[in-house]
Every structure is written in C-alpha cells, then in structure tokens.
Amino acid sequence: MVRAMRTTSMLLAVLILAAPLPPARAAAPEWAPASGLATQVIATGLDSPDFATSPPGDARIFVLEQTGTIRIVRDGKLLPHPFLDLRARIASGGERGLLGLAFHPAFARNGVFFVDYTDRKGDTRIDRFRVSRDPDRADSASGTMLLHVPQPYANHNGGMIAFGPDGMLYVGLGDGGSGGDPHGNGQSLGTLLGKLLRIDVDHGTPYAIPADNPFTRTRGARPEIWAYGLRNPWRFSFDRAAPTLVIGDVGQNQWEEIDVADARVGGLNYGWNLREGLHAFRWTLGSNAHPADPVIEYSHRDGCSVTGGYVYRGAALPELRGTYFFSDWCGGWLRSFRWSAGRVSEKRLWSLPSLGRVTSFGEDGAGELLVTTSEGRLLRLVPAR
Ligand SMILES: [Ca+2]
Ligand SMILES: [Ca+2]
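Given the structure is predicted, the values throughout are model-derived calculations rather than measurements. (Residues numbered from 1 in each chain as written. Chains lettered and ligands numbered in written order. Predicted model: local features only at pLDDT ≥ 70, side-chain atom pairs only at ≥ 80, totals over all residues. Heavy atoms only, no water.)

Here we come to the sheet that holds strand 24 (residues 335–340). Judged by pairing direction, the sheet is mixed, and its 5 strands sit side by side in the order 1-25-24-23-22 without closing on themselves. The open sheet has two free edges, formed respectively by strand 1 (32–34) and strand 22 (306–311), since each of these has just one partner strand. Averaged over all pairs of adjacent strands, the angle between their axes in this sheet comes to 30°, without regard to strand direction. One ladder, built from 3 bridges, connects strand 23 (residues 324–328) with strand 24; its direction is antiparallel. (Pairing = 2+ DSSP bridges. Helix = DSSP H or I, 4+ residues; strand = E, 2+ residues; numbered from the N terminus. Axes fitted to C-alpha atoms, helices over the stretch in contact; angles between N-to-C directions.)

Shown next as structure tokens:
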C-alpha cells in the first residue's frame, strides 16, 4: 500500500481527494542510478563525528565529535590536540551532544564562532567562543552563553546552526522530543521548539531580533522564529550561490522529507505535527493551516532518519554544481536532485559502496562536500577515477 502510494500518481491523487488535506504534489519519478562519484577518506577513528565545516576560504577542516570536542584536519592530518574540548559541560549519546558549529562570516578577522550542544541538564545551549593566539586552539575561557532552550525530552534537539546569506545566525530546534509532538510545539509560536530561528549576533546582548523577522508583531509569538512546523531539522543549509534554504526534517514513523524555500521568505509553516511529509498526521478537519510541502519525501523502506546536505558549489565536480546531496542515517546511500523554477529534477541514486551511518554533510573552505559517519570517518566526495 505504501509503495503503491509512492509510485502510482493516480491512486495518490484519489487518496488525497478523499482526505481533508491541502493539495499535494504528484509522486515524482524514481531515483535514477548514477555513477562518477567516489569517496576519499580524510580521517578515521573519530569519536562519533557528527559535523564538519571550515571557515570561509580556510584550508583546515573542523570536525565535531558528538562527545564534545572539535578536532582539526590540517594538511590532510588530524591534529592530536582538539581545537576545543567541551566534554566537561556536555551530555552526549543518542541525539545529545556537541551538535553544531558555525564560524562567524568575519571569523578570519574576529575569531568568533558558535557551538550548539546539549548541556549536563539535557538542555540546548548555544555559546559564543573566540580563537586563541594559536589559530589551532580556541580560547576555552572565552565562552559566553548566546541561547538556552530547556528540553523536555532527550530526543529531537535539532543542533544545526548556520549563518545565512544575510549574515544572520539561523538555529534549528526540534519539537523537544518524545513522539508525535505531544505538546504541539511545532505549531505553537509561543515556544522556540520545533522552529528555525533567526537572530542577529552582531548586535544586542546576547543577540538582537532582526526587525524583519516574521512574527515580531504577533501577540504571544517568540520574535526569534523564522519558520515553524518542524519536527527535527537535524541539518539545514544555504546554497552558497543562490538565496535558497534547504532543510532535512526528520520524520516520525513513515516519511522523511526535504524542504526547499526562498531564503528571503520568513514565516513558513513546514507542517509538523499536522503532517508528516505529504501525509496527514494530526491533521484535523477544519484546520486552516497551509503548510509548505516538502519537495522530496521517502518512506522508511528507504531509511529511518534523513541527513540533509548541501547544494554543491565546489570545483572538483563542475558538472554537479547546483546539485543538492543528502543521505539517511540508516540508508547508507547518497542521493541528489536539482531544484530550479520551483521543481525537482535529476533525482539520482549514486552507485557507491555504503557510506555507513551518515550523521552529517559539510562544506570545506572551497565548497567541496564532506561526510561524517557514526563509524568514525570523515569523507570527501570526489570524482571517480
Ligand atoms: Ca529534546
Ligand atoms: Ca513538513
């Protein structure tokens, strides 16, 4: 039944007409096999690596270990001492730990960066740090709190932080956890849980609310909110070359999804927990919500937890510029698609040995794509020989 819904657009259309839902997209063509990509192993033996990134133009790669350290790969070698060790203040395991890192756009000049982690009480913390005089070591005493969000359950903590093309810091927060969003956080504008936030870290103490955030004049709404209706936006990214935001929002029992939006448009409702992917979840007759549908969904026959990636803008794979890559924590596969003029094209399933449990993608300083896996590996996507 589930398979038939995915592949038979006529049946899907009939089901949708019969259900109290806004119109959904027709089922897209299946994923076409593709070759020409390989993975290069950059580092192994990492302790649950869950993100990798580089300051703009920097030749080093910074890798997060979920247990609480940031490691540096310099000239192809993993440095023995960490850039920053936060293990004493972090609770890790499951979906908790050191989850996100964002270098300030002016990092080369100001040395400022931000980390997202689970504190010892299980709450989400975002702290601001500075590099020390040694460029390969952060000043561990420089940490100040930017944001603290109490977490009602151990799972669905989000964890991604990234600067947008507008210079604002975007923060992904899951619905708080448990299952099914029992407190309705996704659809509530009164909580930061289940949201994408947008804050100005260059003004205010500890931050300022951008005047053009969508809910600054909405009674009872948290002004940090940029978008809502998210279940667990574990990874999201901005296209380096276009004002496009792509979110991989992890599903509940059946459907994983990728959302694409104009990065300049705030206030979108991504649907959770009214909908899971394109399907009703706690949808009620009479609901007047108009959720933004995902552009991609896949069922749990293909995986269990989407790992959102990046629109490729590097140099090593010129024919793939503009292609968005993503994976799944249980799937081991690499898929890609292009998004232009409001539609998906070139859906591809890459012929590669299993990547393992993909925890995250990342971009190095030149825009080449990195992959971290639960097996302790840091990989780079390269052309097949
Ligand atoms: Ca949680
Ligand atoms: Ca959704």
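Here the focus is the sheet that holds strand 12 (residues 161–163). Spatial strand order, 12-13-14-15: 4 strands in an open sheet with antiparallel pairing. Among the strands making up the open sheet, the edge pair consists of strand 12 and strand 15 (225–228). Taken pair by pair, the neighbouring strands of this sheet meet at an average axis angle of 20°, ignoring direction. Where strand 12 and strand 13 (residues 169–173) come together, 3 bridges link them in antiparallel fashion. When the sheet's bridge partners are listed, Ala162 is paired in strand 13 with Tyr170.

Remember that side chains alternate between the two faces of the sheet whenever the strand is regular. Residues Arg235 and Ser237 line one face of strand 16 (residues 235–238) and the alternating positions Phe236 and Phe238 line the opposite face, and both faces are buried. Where strand 16 meets strand 17 (residues 244–249), 4 bridges bridge the pair, whose relative direction is antiparallel. By the bridge assignment for strand 17, Arg235 is matched with Gly248. Where strand 16 folds back onto strand 17 in an antiparallel hairpin, the turn is made up of 5 residues. (Buried < 20%, exposed > 50% of the residue type's maximum accessible area, 1.4 Å probe, protein only.)

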